[in-house]
Number of protein chains: 2
Amino acid sequence: MDIELDRGSPVPLYFQVARQIEQAIERGELVPGSRLENEIELADRLGLSRPTMRRAIQELVSKGLLVRRRGIGTQVVHGQVKRRVELTSLHDDLTRGNQHPTTRVLEHETRPASDDIAVHLGVQPGAPVVRLVRIRYAQDEPLAILRNWLPASLASFTTAELEERGLYALLRSTGVHIRIASQRIGARTASGEEAHQLGIKRGAAVLTMERTAYGESGSAVEFGAHIYRSDNYSFEITLVERS
Amino acid sequence: MDIELDRGSPVPLYFQVARQIEQAIERGELVPGSRLENEIELADRLGLSRPTMRRAIQELVSKGLLVRRRGIGTQVVHGQVKRRVELTSLHDDLTRGNQHPTTRVLEHETRPASDDIAVHLGVQPGAPVVRLVRIRYAQDEPLAILRNWLPASLASFTTAELEERGLYALLRSTGVHIRIASQRIGARTASGEEAHQLGIKRGAAVLTMERTAYGESGSAVEFGAHIYRSDNYSFEITLVERS
DNA sequence: CAGTGGTCTAGACCACTGA
DNA sequence: CAGTGGTCTAGACCACTGG
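Definitions and cut-offs
- Residues numbered from 1 in each chain as written.
- Chains lettered and ligands numbered in written order.
- Predicted model: local features only at pLDDT ≥ 70, side-chain atom pairs only at ≥ 80, totals over all residues.
- Heavy atoms only, no water.
- Near = heavy atom within 4 Å.
- Polar contact = N/O pair within 3.5 Å; in protein donor to acceptor, adjacent residues only side chain to side chain.
- Helix = DSSP H or I, 4+ residues; strand = E, 2+ residues; numbered from the N terminus.
- Nonpolar A, V, L, I, M, F, W, Y, C, P; charged D, E, K, R; others polar.
- UniProt positions renumbered as here; feature names shortened; annotations may be inferred.
- Pairing = 2+ DSSP bridges.
- Axes fitted to C-alpha atoms, helices over the stretch in contact; angles between N-to-C directions.
- Salt bridge = Lys/Arg side-chain N within 4 Å of Asp/Glu carboxyl O.
- Buried < 20%, exposed > 50% of the residue type's maximum accessible area, 1.4 Å probe, protein only.
- Least-squares fit on C-alpha atoms with pLDDT ≥ 70 in both.
- Contact = heavy atoms within 4.5 Å.
- Buried area = accessible area lost by both parts, 1.4 Å probe.

1. Thoughts on the protein's contact with DNA strand C
Among the 24 residues in the neighbourhood of DNA strand C, the closest are listed as Asn38 and Arg50 of chain A together with Arg7, Leu13 and Thr52 of chain B. Counted by atom, the contact set of DNA strand C within 4 Å of the protein is 67% sugar and phosphate. Taking tyrosine 14 of chain B, its side chain carries an N or O atom lying 3.1 Å from a phosphate oxygen of DNA strand C. Within the residue set of the surface near DNA strand C, elements represented by two or more residues are α3 (50-62), β1 (66-69) and β2 (73-76) of chain A together with α1 (13-26) and α3 (50-62) of chain B. Here the residues of the surface near DNA strand C are counted per class, giving six nonpolar, eight polar and 10 charged.

Written out as structure tokens, the structure reads:
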């Protein structure tokens, strides 16, 4: 395995190393179960300090690609490399998967926060919030009903923009960056209206997801209560033991 | 905020610090939005090096409790502290929540691996695997149907032990430690038999979860295909932006 | 025993933020 | 500008694993 470093690049060294080891795994150069060189050798060979090399490896351990054991070494995990659910929006995910997402905006209006929404967003009840209801399509098939609430001060976009781009992308372009999200995933049967909007039968099972997203200062940016068709959507998650 | 360190303890210093900051947040001494001292001061005050102090803070950032910004500082995240879904078993979760889990074992037998299961476990088709079917109750209410497959060499427990303890606890006590798990969460409607076993109506929505768990050497330890009642179970997840 | 990763130190320089 | 976190170095000692 050869790794090339660009010390002039703004990309941190540990990240360059992690990325290239990850690619070696993806390309099959590092096969599942095989052992990496020990971190001291690797660090020496690349002209890095040991802490920097450790950090690169740690990146991949916490992604679930590598496993380390004291006294043994570092090994590549068996099993196909599944990508962890990152903190991304549905729109981004679909775009990346060439699913051609489109959006229809059903509601887009400012109203006073109900008690429930105020709690989720950490604002005063009655404070102005923007309520959005959208239907998201993938390859012209309805996939999800998206209901969102945001503090009105953050929702400086037009309905037309919402039809074009994802909510998170719009927030990013106005300087709002989402750092943490806490979600709850459940299931229930679809109501008649929901079934109609999603193009499924009344009583079909749907996935539900409630999410509160927090921005750079740790305050709530968005609360969402979404419904997904269960016949063409599921959530994938990778859990790694916190060492 | 005062933090006490025990340098004689086998518990790492960064962990002692992280735990005590976390407790200060839980107790409300550090309120949401408030800023921590900068890491250099904290390190000096506690007699630690800066990297060690950074690591303690980083623990809490990746748990979603703190947010850091260059040039600004470190702040406590708004919103109630929700515990992240850790890599634990359902049995452990229920025990921790005083839900008094009990288990009924419906099947417990060794058979050759089907092609499908062989792929999930990374073993040869036809290799001996143990198949388990259990119903998990919480406070005497059925909660989930648990179907699991394990390489036969790892399943050295009795049916009676399975009725008493969770699968992960049994594996731990035989020296098998789970490090990584990859799950997929979906929904569908319950079949007649499933509905009967779970005490719900036929056609009710259920949550489905498929999971492959990997052990210390990175090889598959267990594959599970579980069904949860959606009226009393949901999955909670906290996502943190990978910096 | 030799080899591995886990923890910790004491510094250094840089990039970004806000006043 | 001063203050913050982000990255990186060059060591040190320890704990655990296997033969």
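From this point, the discussion proceeds with the structure in view.
2. Here we look at the UniProt feature "domain: HTH gntR-type" (unreviewed entry) in chain A
Following the UniProt record, one finds the feature "domain: HTH gntR-type" (unreviewed entry) at residues 11-79 of chain A. Its end C-alpha atoms 29 Å apart, residues 11-79 of chain A is made of 51% helix and 12% strand.

3. A look at the sheet that holds strand β5 (residues 141-151) of chain A
Strand order in this open sheet of seven strands is β3(A)-β4(A)-β5(A)-β8(A)-β7(A)-β6(A)-β9(B), and the pairing throughout is antiparallel. Each end of this open sheet is capped by a strand with a single partner; those strands are β3 (101-112) of chain A together with β9 (235-240) of chain B. Each strand axis lies, on average, 15° off the axis of its neighbour in the sheet, ignoring direction. Here β5 of chain A pairs with strand β8 (residues 220-229) of chain A via six bridges, running antiparallel. Bridge pairing in β8 of chain A links asparagine 148 of chain A to glycine 224 of chain A.

4. Topic: the pattern of salt bridges
Under the criterion given, the structure shown has 38 salt bridges over all chains. The partner of glutamate 29 of chain A in a salt bridge is arginine 27 of chain A, with the nearest N and O atoms 2.6 Å apart. We classify arginine 27 of chain A as exposed; its relative accessible area is 54%. Put simply, glutamate 216 of chain B and arginine 179 of chain B hold a salt bridge, and the shortest N to O gap is 3.8 Å. Linking glutamate 216 of chain B in the loop between β7 (205-215) and β8 (220-229) with arginine 179 of chain B in strand β6 (residues 178-189), this pair joins segments that are 37 residues apart in sequence. Glutamate 216 of chain B sits in the partly exposed class, given a relative accessible area of 30%. Classification of arginine 179 of chain B by relative accessible area gives buried; the value is 19%. What you see here is one network of salt bridges that share partners, running through Glu39, Arg50, Arg54 and Arg68 of chain A.

5. Observations concerning the relation of the copies chain A and chain B
Superposing chain A onto chain B requires a rotation of 180° together with a translation of 0.0 Å along the rotation axis, leaving an RMSD of 0.1 Å. What the rotation and shift describe, once combined, is the action of a two-fold rotation axis. Taking C-alpha positions as reference, the residue of chain A nearest the rotation axis is alanine 205 of chain A, located at 2.5 Å. Most of the interface of chain A is mirrored in chain B, where 98% of its interface residues are also at the interface.

6. Considerations on the interface of chain A and chain B
The interface of chain A with chain B comprises 54 residues on the first partner and 53 residues on the second. Among the residues of chain A in contact with chain B, Leu239, Glu241 and Arg242 of chain A are the three that bury the most area, contributing 16% of the side total. The interface formed by chain A and chain B holds four salt bridges in total. Close ionic contact of glutamate 241 of chain A with arginine 179 of chain B constitutes a salt bridge, the shortest N to O distance being 3.5 Å.

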